[in-house]
Amino acid sequence: MKLQRKNRRALTLGALAVSGALALTACGSDDPGTGADPTGGTQAAGSIKCDDAQGQLLADGSSAQKNAIDAWVKQFTQQCKGVQINYKGGGSGAGVTAFTQGTVAFAGSDSALDSEEIAASKKVCSGGQGIDLPMVGGPIAVGYNVPGVDNLVLDAPTIAKIFDSKISKWNDAAIKKLNPDAKLPDLKIQAFHRSDESGTTDNFTKYLIAATPENWKYEGGKAWQAKGGQSAAGSSGVAQQVKQTAGAISYMELSYAKDGIKAAAIDTGAGEPVEATVDNATKAIADAKVVGTGKDMALELNYATKAEGAYPITLVTYEIVCDKGNKQETLPATKAFLRYIASEDGQKVLAANDYAPMPADIIAKVRTTIEELS
């Protein structure tokens, strides 16, 4: 079985991606040396409607979607030259906090708003509340760096025991059983988790709770709860640690599993282990249910799926915005940017950068809701 990711493409924004705050202007993002345009070039740019969009948009949140946001910002600001977008990517927890404090126009979160966060949002959304718009999908790769092991299969119980410090060597019997043909070394496992509050952590642990509750006794949430292991901030932080540490393993959005990081296939109980690919994530997201009320489109994912080809460790990143009561000085730019990223061309950017586009029926509802923002 070939476990390499299909259709891996270099990120168009690779030369421009920087950690922390990123402000891209049309001038600053117009770099002819960044490679092929993943959106289809001028056709994508020509479909962007700027309307009255201008000024600076501040946003923060999910680091999992940051590579997608960077690619979108590049395309959008090339067309809408009066707009600057600064997406910090400080993690889902930071993004939701910034949104409920009224310091950003929108936030990105890999977890939908809970009841307390919705209540807090009503203080900054005059006459309205924060709503979740599912925009970015993708597999959470279980990325590893084990010398001599290019193909690895793991299942939920084994993953849970690794991240709960109950399996400590790569040649452990449980891993050998899943990988009888692999040359597993007598090497210590270095498990890394997120140090910041993260929606990726929330989704990863929801998978463990659903798929192997007997081996994962923690409540879950954005903050890591298991004992042991090592930590790093952001998806880029854990990816960097795995890349430079022999024997390392962590969980990260698929676009970060590159440059020496392999992604394990997951034995879900289906006929074949399932690879972490965009297509396999989309199959899982298509099985999700909309559980949000009103204009809120929070989804409920089936983390315990055993469907053929459905990758179970999948996240959906929401763009969080006020349904009513958005600041008038940022509303035109916010709507224009969200309209673009939800468009057919905007969603094509996702597939080109190892993210999963939203299923057609879900994204159609998102587009309608964006036009009703006020």
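Before going into details, it helps to say that this report is about the structure given with it. Keep in mind it's a predicted model, so treat the numbers as computed, not measured.

Secondary structure summary: the protein chain contains 13 helices and 14 strands in total. In the protein chain, buried positions account for 58% of the 374 residues. For the protein chain, the share of sequence-separated contacts (at least 6 apart) that also reach a separation of at least 24 residues comes to 77%. With the model as given, the accessible surface of the protein chain reaches about 15,000 Å², and the carbon-plus-sulfur share is 48%.

Below, the discussion takes up helix α12 (residues 344-352). Within the sequence span of α12, burial applies to D345, G346, Q347, V349, L350 and A352. Positioned one or two residues after α12, D354 has a phi angle of 65°, which is positive.

A few words on the nonpolar core. For soluble globular proteins, the rule of thumb is that nonpolar side chains tend to be buried together. Of all hydrophobic cores here, the largest spans 108 residues; its most connected members are W72, M135, V142, I159, F163 and I249. Residue contacts for M135: discarding those within four places in its chain leaves W72, T317, E319, L338, I341, A342, Q347, L350, M358, I363, V366 and I370.

Okay, the state of the cysteines next. Here the structure, examined in full by the defined rule, presents two disulfides. Disulfide pairing places C50 opposite C80 at an S-S distance of 2.1 Å. Note on the C50 and C80 pair: the S-S dihedral is about -95°, so by sign convention the disulfide is left-handed. Taken together, the positions of C50 in the loop between α2 (42-46) and β2 (55-61) and C80 in the loop between α3 (66-79) and β3 (83-87) put the pair 30 residues apart, joining distant regions of the chain. In the protein chain, the bonded cysteines, numbered by position in the sequence, are linked as 1-2, 3-4.

Turning to helix α10 (residues 278-285), its buried residues number three or more, namely V278, N280, A281, A284 and I285. Projected down its long axis, α10 carries its buried residues within an arc of 165°, all on one side. The secondary structure elements touched by the buried residues of α10 are β5 (130-145) and β14 (314-322).

About the thresholds
Numbers given for residues are sequential positions, taken from 1 along each chain in its written order. Local features in a predicted model are, by the rule used here, given only for residues with pLDDT of at least 70; side-chain atom pairs are given and counted only at 80 or more, and totals for whole chains, interfaces and linings are based on all residues. The basis for the side-chain values is all heavy atoms of the structure; hydrogens and waters are excluded. We count a stretch as a helix when DSSP gives it H or I for four or more residues in a row; a strand needs E for two or more, and each element gets its number in order from the N terminus. Throughout, exposure labels follow a simple rule: accessible area from a 1.4 Å probe, protein chains only, divided by the maximum for the residue type, with under 20% read as buried, over 50% as exposed, and the rest as partly exposed. In this analysis, two residues are considered to be in contact whenever any of their non-hydrogen atoms come within 4.5 Å of each other. Computed with the Shrake-Rupley method and a 1.4 Å probe, the accessible areas treat only the protein chains shown as cover for residues. We define a nonpolar core as any set of buried Ala, Val, Leu, Ile, Met, Phe, Trp, Tyr and Cys residues linked to one another through side-chain atoms lying within 4.5 Å. By disulfide we mean two sulfur atoms from cysteines, separated by a distance within 2.5 Å. Arc definition: directions from the helix axis to the C-beta atoms.

Bear in mind that shape data such as this cannot, by itself, settle questions of function.
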